[in-house]
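Each chain, letter by letter, is given below.
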Amino acid sequence: MSDLRIDELVRDGDTAPLVAWLRDSTVLEIVDELTRLDPEDTAVAFRLLPRDRALDVFEALEPVDQQQVLDGLRADRVRSLIEALDPDDRARLFDEMPAKVVNRLLAQLSPDERALTTVLLGYPEQSAGRLMSPEFVSLRASMTAAEAIDKIRHEGLDAETVYALPVLDDHRHLIGILGLRALVLAPPSARVGELMTTDIHQVTTDVDQEVAARLVREAGLIALPVVDSEARLVGVITVDDALRVLEDEETEDFALAGGASPLRTTYLAASALGVARVRALWLLLLIVAAALTVNVLQIFESTLDEVVTLALFIPLVTGTGGNSGAQASTAVIRAMAIGEVRLGDLPRIVWREARVGLLLGLMLSAAAAVPVSLLYGGDIGLVIMFTLILVCTWATTAGSALPLFARRAGVDPAVVSAPLITTLVDASGLVIYFVVAKLVLSL
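From a predicted model like this one, the values you see are computed outputs, not experimental measurements.

Conventions we followed
- Residues numbered from 1 in each chain as written.
- Predicted model: local features only at pLDDT ≥ 70, side-chain atom pairs only at ≥ 80, totals over all residues.
- Heavy atoms only, no water.
- Helix = DSSP H or I, 4+ residues; strand = E, 2+ residues; numbered from the N terminus.
- Rg over C-alpha atoms; globule rule 2.2 N^0.38 Å.
- Buried < 20%, exposed > 50% of the residue type's maximum accessible area, 1.4 Å probe, protein only.
- Contact = heavy atoms within 4.5 Å.
- Areas by Shrake-Rupley, 256 points an atom, 1.4 Å probe, with all protein chains shown as cover.
- Salt bridge = Lys/Arg side-chain N within 4 Å of Asp/Glu carboxyl O.
- Patch = residues over 30% accessible without salt bridge, like charges linked within 9 Å, V, L, I, M, F, W, Y side chains within 5 Å.
- UniProt positions renumbered as here; feature names shortened; annotations may be inferred.
- Pairing = 2+ DSSP bridges.
- Axes fitted to C-alpha atoms, helices over the stretch in contact; angles between N-to-C directions.
- Arc of directions from axis to C-beta.
- Core = buried A, V, L, I, M, F, W, Y, C linked by side-chain atoms within 4.5 Å.
- Parallel < 35°, antiparallel > 145°, perpendicular 65-115°, else oblique.
- Left-handed = near helix turned anticlockwise from the far one by under 90°.
- Nonpolar A, V, L, I, M, F, W, Y, C, P; charged D, E, K, R; others polar.
- Expected span 1.5 Å × (residues − 1).
- Phe/Tyr/Trp six-rings, centres within 6.5 Å; stacked < 30°, edge-to-face > 60°.

**Some words on the overall build of the protein chain**
Thought 1: A count of helical and extended segments in the protein chain gives 22 helices and 6 strands.
Thought 2: Over its C-alpha atoms the protein chain spans a radius of gyration of 29 Å, topping by over 25% the 22 Å that the globule rule assigns to 443 residues.
Thought 3: By its C-alpha atoms, the protein chain is 90 × 60 × 40 Å across when sized along the principal axes.
Thought 4: When burial is assessed residue by residue, the protein chain has 46% of its 443 residues classed as buried.
Thought 5: Taking the contacts inside the protein chain whose residues are at least 6 apart along the sequence as the reference set, 66% of them involve residues at least 24 apart.
Thought 6: By element, 59% of the accessible surface of the protein chain is carried by carbon and sulfur atoms, the whole surface being about 22600 Å².

**Some words on the pattern of salt bridges**
Thought 1: Tallied over the full model, the rule gives 9 salt bridges.
Thought 2: One salt bridge connects Glu-210 with Arg-214, and the closest N-O pair in it is separated by 3.0 Å. Placement of the pair is Glu-210 and Arg-214 together in helix α15 (residues 209-219), with a separation of 4 residues, close to one helical turn. Of the two residues examined, Glu-210 and Arg-214, each falls in the buried class.

**Considering a nonpolar patch on the surface**
Thought 1: Taken together, the side chains of Leu-312, Val-370, Leu-374, Leu-375 and Tyr-376 define a hydrophobic patch exposed on the protein surface, amounting to about 580 Å² of accessible area.
Thought 2: Within the element layout of this structure, Leu-374 appears in helix α20 (residues 346-376).
Thought 3: Note on Leu-374: relative accessible area 71%, which makes it exposed.

**As for the UniProt feature "transmembrane region" (unreviewed entry) in the protein chain**
Thought 1: UniProt marks residues 280-300, 312-335, 356-376, 382-406 and 418-441 with the feature "transmembrane region" (unreviewed entry), using the numbering shown here.
Thought 2: This span, residues 312-335, is 92% helix and 0% strand, and a straight line between its end C-alpha atoms measures 37 Å.
Thought 3: The distance from the first to the last C-alpha atom of residues 356-376 is 29 Å, and the span holds 100% helix and 0% strand.

**Looking at the sheet that holds strand β5 (residues 223-227)**
Thought 1: Spatially, 3 strands are ordered β4-β5-β6 in an open sheet, and the strand pairing comes out mixed. Of all the strands in the sheet, the pair left with one neighbour each is β4 (203-204) and β6 (233-238).
Thought 2: As judged from the 2 bridges shared by β4 and β5, these two strands associate in the parallel manner. Following the sheet pairing, Thr-204 is matched in β5 by Val-227.
Thought 3: Contacts from α15 reach β4, β5 and β6 within the one sheet, and its direction differs from that of β5 by about 140°.

**Considering the sheet that holds strand β1 (residues 139-140)**
Thought 1: Taken together, 3 strands build an open sheet; the order of strands is β1-β2-β3 and the sheet is mixed. Pairing within the sheet leaves two strands with one partner each, and these edge strands are β1 and β3 (174-179).
Thought 2: Direction of pairing for β1 relative to strand β2 (residues 164-168): parallel, over a ladder of 2 bridges. Looking at the pairing, Leu-139 lines up with Val-167 of β2.

**Observations regarding the pairing of β6**
Thought 1: With 6 of 6 residues buried, β6 is to be regarded as a mostly interior element.
Thought 2: Both β5 and β6 contribute to a ladder of 5 bridges, which runs antiparallel. What sits directly across from Ala-223, in β6, is Thr-238.

**Some remarks on the UniProt feature "domain: CBS" (unreviewed entry) in the protein chain**
Thought 1: Following the UniProt record, one finds the feature "domain: CBS" (unreviewed entry) at residues 132-195 and 196-252.
Thought 2: Structurally, residues 132-195 comprises 33% helix and 20% strand, and the distance from its first C-alpha atom to its last is 25 Å.
Thought 3: Taken as a whole, residues 196-252 contains 44% helix and 23% strand, while its terminal C-alpha atoms sit 38 Å from one another.

**Things to note about helix α2 (residues 15-24)**
Within an α-helix, residues lying three or four positions from one another point in the same direction, as the helix has 3.6 residues per turn.
Thought 1: Along α2, the residues that are buried comprise Leu-18, Trp-21 and Leu-22. Seen end-on, α2 carries its buried residues on one side only, within an arc spanning 100°. In α2, those exposed residues whose orientation departs by more than 90 degrees from the buried face are Ala-16, Arg-23 and Asp-24.
Thought 2: Packed against the buried residues of α2 are α1 (6-12), α3 (27-34), α4 (39-46) and α5 (51-60).

**Things to note about the nonpolar core**
Thought 1: Ranked by internal contacts, the top residues of the largest apolar core, which has 31 residues, are Phe-46, Phe-58, Leu-70 and Ile-82.
Thought 2: If sequence neighbours within four positions are ignored, Ile-82 has contacts with Leu-70, Arg-90, Leu-93, Phe-94, Leu-105 and Leu-109.
Thought 3: By size, the runner-up hydrophobic cluster in this structure holds 23 residues, among which are Leu-310, Phe-313, Phe-434 and Val-436.

**A look at the packing of α20 against helix α21 (residues 378-408)**
Thought 1: Interaxial distance between α20 and α21 falls to 7 Å at its minimum, and their mutual angle equals 155°. As judged from the angle between their axes, α20 and α21 are roughly antiparallel. For the element pair α20 and α21, the recorded crossing hand is right-handed.
Thought 2: The class makeup of the residues in the contact of α20 with α21 is 21 nonpolar, 10 polar and 1 charged.

**Points about helix α19 (residues 314-337)**
Thought 1: The end-to-end C-alpha distance of α19 is 34 Å, a good match for the 34 Å that 24 residues give at a rise of 1.5 Å each.
Thought 2: Gly-339, located one to two residues past α19, shows a positive phi value of around 80°.

**Quick word on the packing of aromatic side chains**
Thought 1: By the definition in use, this model includes 4 aromatic pairs.
Thought 2: Each residue in the set Phe-300, Tyr-433 and Phe-434 is aromatic and connected to the rest through ring pairs, giving one cluster.

**Digging into the environment of Leu-362**
Thought 1: Mapped onto the secondary structure, Leu-362 falls in helix α20.
Thought 2: Once the C-alpha coordinates of Leu-362 and Cys-392 are considered, the two residues, 30 residues apart in sequence, prove to be 8.9 Å apart.

Structure representation (structure tokens):
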């Protein structure tokens, strides 16, 4: 974007170069700059967009940024932008708005657009029904290729996609999928039923959005048909919407893995108070969990008094255990996220990670026991050796099992991610350490 500073131009009210830049830049460049501005400046810059580009930019913004733009626009401009959105994008925006505002905007929509949007809002949040677009072009098996192309010309302008065309029977049941390429290249007299494929991927409206989105990615689909409880086609999920869902889910998992809630807007647009708020709760929870470590030290205070040397190795024990558990939990959470493992794989996963932890413990104890024995005596060396073996085995076992238990309990596995696993393993690792010390040193 050269050296032009959009934020400075907005604050200085220097509209001439800003208007020129908005006119000459691509939609993605404009979106990137708008999301870097403070919320009050975003609407100011958006109002300077040419009307023919404003909708394209608005559609490319995230719902939180869209809401900030709407807050700074006149009622008639708001109404025109909302009306021009696709029903699925409109429903996504309404999810971020207060109910009173949504009801007011719904009342201002045309009857057809209101009906389509109301249907989507009627499905559960985070479901495939909420994500799908109800605007699609469907074909019949008895149509010729020429008739199908003619129908696309008449109905395709309002459809979400025409590149993957569902083929329905007389009861709106999905019987096949026809790609636009195959249709265009076919002889005009060829029947759709002869051209379509019956190898169909589909989901029901109540399926989780993430499950549907992963199916789109794994199957390499342009559009995924969505059917109701009676197997009738009611919408399609396009690849761009599926990728957005996956990006949102991965962003959320990444934030939770770092011990924080995900931001609802871009990092630069978030206020310092907003960033602190999403981090504070998790830090408080981790402080509570860390209190277990303090309690363990109090319980074994007499052991420390007798052998002060043991205190030197507390960071080594807790650090090794926490890191081992974090490695295991991260691997399992990632495997769960991409569908490599399921809840039924719990025994295999735990058994595998227990063996991995044992091997890690043997490797690390072999590296640490000798120098510890030479510097602090053979008894301390044995304590460290046995402790590392047991702690690594326990940490990897717990780190692999807790995400699966969380999923079974209906909790996002990312919640029990590295920071929490590390904190919990610290406390339990110290218990193992001091018990081994008491046994080896006969305390």
